[in-house]
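Fold and contact review
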Amino acid sequence: MSDYRHILFTGVLLFAFAAIGTSMVAVTYEQSREQIERNERQVLRRQLNQVISPERYDNNLLEDRIEISDPGLGAGRPVTVYRAYMQETPVAAVFTSVAPDGYNGSIRLLVGIDVNGIVTGVRVLSHRETPGLGDAIEAGRSDWIEGFAGRSLGDPPVQRWRVRRDGGVFDQFTGATITPRAVVNAIRKTLLYFDEHQEEILARPAPDGAQADEETHDE
Amino acid sequence: MSETSYPEIARNGLWNNNPALVQLLGLCPLLAVTTTFINGLGLGIATTLTLIISNSVVSAIRKLVRPEVRIPVFVLVIASTVTVIEISMNAWFHELYLILGIFIPLIVTNCSIIGRAEAFASKNRLRAAFTDGLAMGLGFTAVLVTLGALREIIGKGTLFAQSHLMFGELAANWSLTLIDDYRGFLLAVLPPGAFIGLGLIIAVKNLIDQRRARRPVRAAAGETAPA
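The rules behind the values
Residues numbered from 1 in each chain as written. Chains lettered and ligands numbered in written order. Predicted model: local features only at pLDDT ≥ 70, side-chain atom pairs only at ≥ 80, totals over all residues. Heavy atoms only, no water. Helix = DSSP H or I, 4+ residues; strand = E, 2+ residues; numbered from the N terminus. Rg over C-alpha atoms; globule rule 2.2 N^0.38 Å. Buried < 20%, exposed > 50% of the residue type's maximum accessible area, 1.4 Å probe, protein only. Contact = heavy atoms within 4.5 Å. Areas by Shrake-Rupley, 256 points an atom, 1.4 Å probe, with all protein chains shown as cover. Buried area = accessible area lost by both parts, 1.4 Å probe. Salt bridge = Lys/Arg side-chain N within 4 Å of Asp/Glu carboxyl O. Polar contact = N/O pair within 3.5 Å; in protein donor to acceptor, adjacent residues only side chain to side chain. 1 Å grid on protein atoms, 1.4 Å probe; cavity = no way out; pocket = protein on both sides within 12 Å on 5 of 7 lines; lining within 4 Å. Points joined across faces, edges and corners; volume = space filled by probe spheres on them. Pairing = 2+ DSSP bridges. Patch = residues over 30% accessible without salt bridge, like charges linked within 9 Å, V, L, I, M, F, W, Y side chains within 5 Å. Core = buried A, V, L, I, M, F, W, Y, C linked by side-chain atoms within 4.5 Å. Phe/Tyr/Trp six-rings, centres within 6.5 Å; stacked < 30°, edge-to-face > 60°. Axes fitted to C-alpha atoms, helices over the stretch in contact; angles between N-to-C directions. Parallel < 35°, antiparallel > 145°, perpendicular 65-115°, else oblique. Nonpolar A, V, L, I, M, F, W, Y, C, P; charged D, E, K, R; others polar.

What follows deals with the overall build of chain A. Within chain A, the secondary structure is distributed over four helices and six strands. Listing each helix as α and each strand as β along chain A from the N terminus yields α-β-α-β-β-β-β-β-α-α. For chain A, the C-alpha radius of gyration of 23 Å lies well beyond 17 Å, the compact-globule estimate for 219 residues. With respect to the principal axes defined by its C-alpha atoms, chain A has extents near 85 × 45 × 30 Å. Here chain A, with 219 residues, has 42% of them falling under the buried criterion. Put simply, of all contacts in chain A between residues at least 6 apart along the chain, 50% involve residues at least 24 apart. Counting every atom, chain A has about 11,900 Å² of accessible surface; 50% of that belongs to carbon and sulfur.

Shown next, in the form of structure tokens:
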């Protein structure tokens, strides 16, 4: 009898700890969920502001997005495109392109291109390149990534949209060619895609909020 | 159970039984995160907080929890604590959270936390357990910060870079550039630099301990010391 009680007590005790622990986590999660969402949006907004100046558009860039499936752009995954309008006139599109061939896996990029095909800015969202060598693609470490703003498919000509070692015009880094090559190639592909599909990208009806967006996400 | 005195608890955590230098526990986050001073400090504070809370809770419930189930209960306490800290950091120190990334949830697997729960908190009174958590946490933080500062100075030539991630706008210009036009020393930033740096810190600690141990002996032995 006392053995039975002992086991029961221990079981109840374990259950109580599991319940208390879980409810503590649940309460904290509920309390901070909004703040976390706000943080994530703020980070995204700041990143978008770096590739396209906020004065150039007046729509809600964060919500006005579509998903594109193109094997060349997203390395097999859909690419989110944020669309900028000024008084309903298309201004630019910001692609979350992926360079699949970095030195150490994929490099995720934000590439802003305006309606004239001119790059408004490029930023690296995430990468796992070698610290001190390949990470010079980060805006905080060198100004290399700034070199793309103002360029377009004609400047330089498309066959020279490569790093110098491949006969192009963009610098590679000392000791690191693969990383910049992957980034330059991804930007060139994005520009070519935008050149071909600009009208459909910017002319599709703007989704109201995130719901329409969710639908295009499921394929 | 003999009561351990508070100064001794503090000495143990900070020096004699330092989790990172003597017990060599929690090395995975220690080596991975310490690329800068601020990263080290961030992980150090999170770990200290976890240690204090888990030690206190474990001590408070030590008479209630039967020995057969103590380990699952400790794991529950530690896992809930770390998750709460992780969510809170995501909410209030978002950018630091983005940098420390997976190493915050990994505090759960830092053996020094369940080690302290089992070896100390489950056998001692609340205040002693609290002090032990604080001392062990600070000892761990001290090593994180030292290693972070070393690697930052040698690897990048800066100190306190990105302080604003933790201290807000106030700290925007705390970053010191110690060496202008420093080209960087890659080894220090990469994982080998972490191992070498930690090895050197442990060596220095052992050297100090040896010197200390030898001094009284020499005084006692006088001229009869071996040649």
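Let's shift gears to the interface of chain B and chain A. If you look at the interface, chain B gives 25 residues, while chain A gives 24 residues. Roughly 2,000 Å² of surface becomes buried between chain B and chain A when both sides are summed, with 78% attributable to carbon and sulfur atoms. In this assembly, chain B and chain A are joined by one salt bridge. Put simply, chain B and chain A have four residue pairs in polar contact (both at pLDDT 80 or more) between them. Looking at the side of chain B that touches chain A, the elements that each hand over two or more residues are helix 4 (70-92), helix 5 (94-100) and helix 9 (186-189) of chain B.

This brings us to the layout of surface pockets. All names here are of chain A. In this structure, the second largest pocket encloses a volume near 520 Å³. In terms of lining residues, the second largest pocket is bounded by 21 residues, among which Arg77, Thr96, Val98, Arg108 and Leu125 are the most central. Breaking the lining of the second largest pocket down by element, the ones donating at least two residues are helix 1 (2-51), strand 2 (79-86), strand 5 (105-114) and strand 6 (119-126). Here the lining of the second largest pocket takes four residues from strand 5, the largest share from any one element.

To continue, consider the pairing of strand 6 of chain A. Residue and element names in this part refer to chain A. The buried fraction of strand 6 is high, at six of eight residues. Sheet analysis places strand 5 next to strand 6, joined by six bridges and oriented antiparallel. Within strand 6, the residue paired with Arg108 across the bridge is Ser126.

Right, let's talk about a nonpolar patch on the surface for a bit. Residues and elements named next belong to chain B. On the surface, a nonpolar cluster with roughly 960 Å² of combined accessible area is contributed by Leu150, Ile154, Leu176, Leu178, Ile179, Tyr182, Phe185, Leu187, Phe195, Ile196 and Leu200. Taken together, the elements giving at least two residues each to the nonpolar patch come down to helix 7 (126-156) and helix 10 (191-221). The dominant element in the nonpolar patch, judged by the number of residues it contributes, is helix 10, at three residues. Considering the arrangement of structural elements, one finds Leu176 in strand 2 (residues 176-177). Overall, the relative accessible area of 38% leaves Leu176 in the partly exposed class.

With that settled, consider the pairing of strand 4 (residues 98-102) of chain A. All names here are of chain A. Where strand 4 meets strand 5, three bridges bridge the pair, whose relative direction is antiparallel. By the bridge assignment, Val98 is partnered in strand 5 with Arg108. Here strand 4 hands over to strand 5 after two residues, the two strands then running antiparallel side by side.

Mapping A:Thr10 onto the fold places it in helix 1. Using a relative accessible area of 8% as the deciding quantity, one classes A:Thr10 as buried. Every residue in contact with A:Thr10, bar those within four places of it in the chain, is listed here: B:Arg66 and B:Val69.

We now examine the side chain of B:Asn18. Residue and element names in this part refer to chain B. Within the secondary structure, Asn18 sits in the loop between helix 1 (6-16) and helix 2 (27-33). Residue Asn18 is classed as buried on the basis of its relative accessible area, which comes to 2%. With residues up to four places along the chain from it excluded, the contact list for Asn18 reads Asn12, Gly13, Gln23, Gly139, Phe140 and Val143.

This paragraph deals with the nonpolar core. A:Phe95, A:Phe148, A:Trp161, A:Ile187 and A:Ile201 are the most contacted members of the largest nonpolar core, which has 37 residues in total. When contributions to this core are tallied by element, the ones reaching two or more residues are strand 1 (65-68), strand 2, strand 3 (89-95), strand 5, strand 6 and helix 3 (178-203) of chain A. When residues of this core are assigned to their parent elements, the largest contribution, 10 residues, is made by helix 3 of chain A. Within the second largest apolar cluster, 36 residues are counted, among which are B:Ala20, B:Leu51, B:Phe103 and B:Ile113.

This part is about the packing of aromatic side chains. Residues and elements named next belong to chain A. Overall, the coordinates contain eight aromatic pairs over all chains when judged by the stated rule. Ring centres of Phe148 and Phe170 lie 4.8 Å apart, and the angle between their planes is 35 degrees; this geometry places the pair in the tilted category. Here the residue Phe148 occupies a position in the loop between strand 6 and helix 3, and Phe170 occupies one in the loop between strand 6 and helix 3, the gap between them amounting to 22 residues. Residue class for Phe148 comes out buried when judged on its relative accessible area of 1%.

With that out of the way, let us pick up the packing of helix 1 of chain A against helix 4 of chain B. Their axes nearest at 8 Å, the elements helix 1 of chain A and helix 4 of chain B cross at an angle of 10 degrees. When the axes of helix 1 of chain A and helix 4 of chain B are compared, the pair comes out roughly parallel. Together, A:Leu14, A:Phe17, A:Ala18, A:Gly21, A:Met24, A:Val25, A:Thr28, A:Tyr29, A:Ser32, A:Gln35, A:Ile36 and A:Asn39 of helix 1 of chain A and B:Pro72, B:Val73, B:Leu76, B:Val77, B:Ser80, B:Thr83, B:Val84, B:Ile87, B:Ser88, B:Asn90, B:Ala91 and B:Trp92 of helix 4 of chain B make up the contact between the two elements. Class assignment for the residues of the contact of helix 1 of chain A with helix 4 of chain B results in 15 nonpolar, nine polar and no charged.

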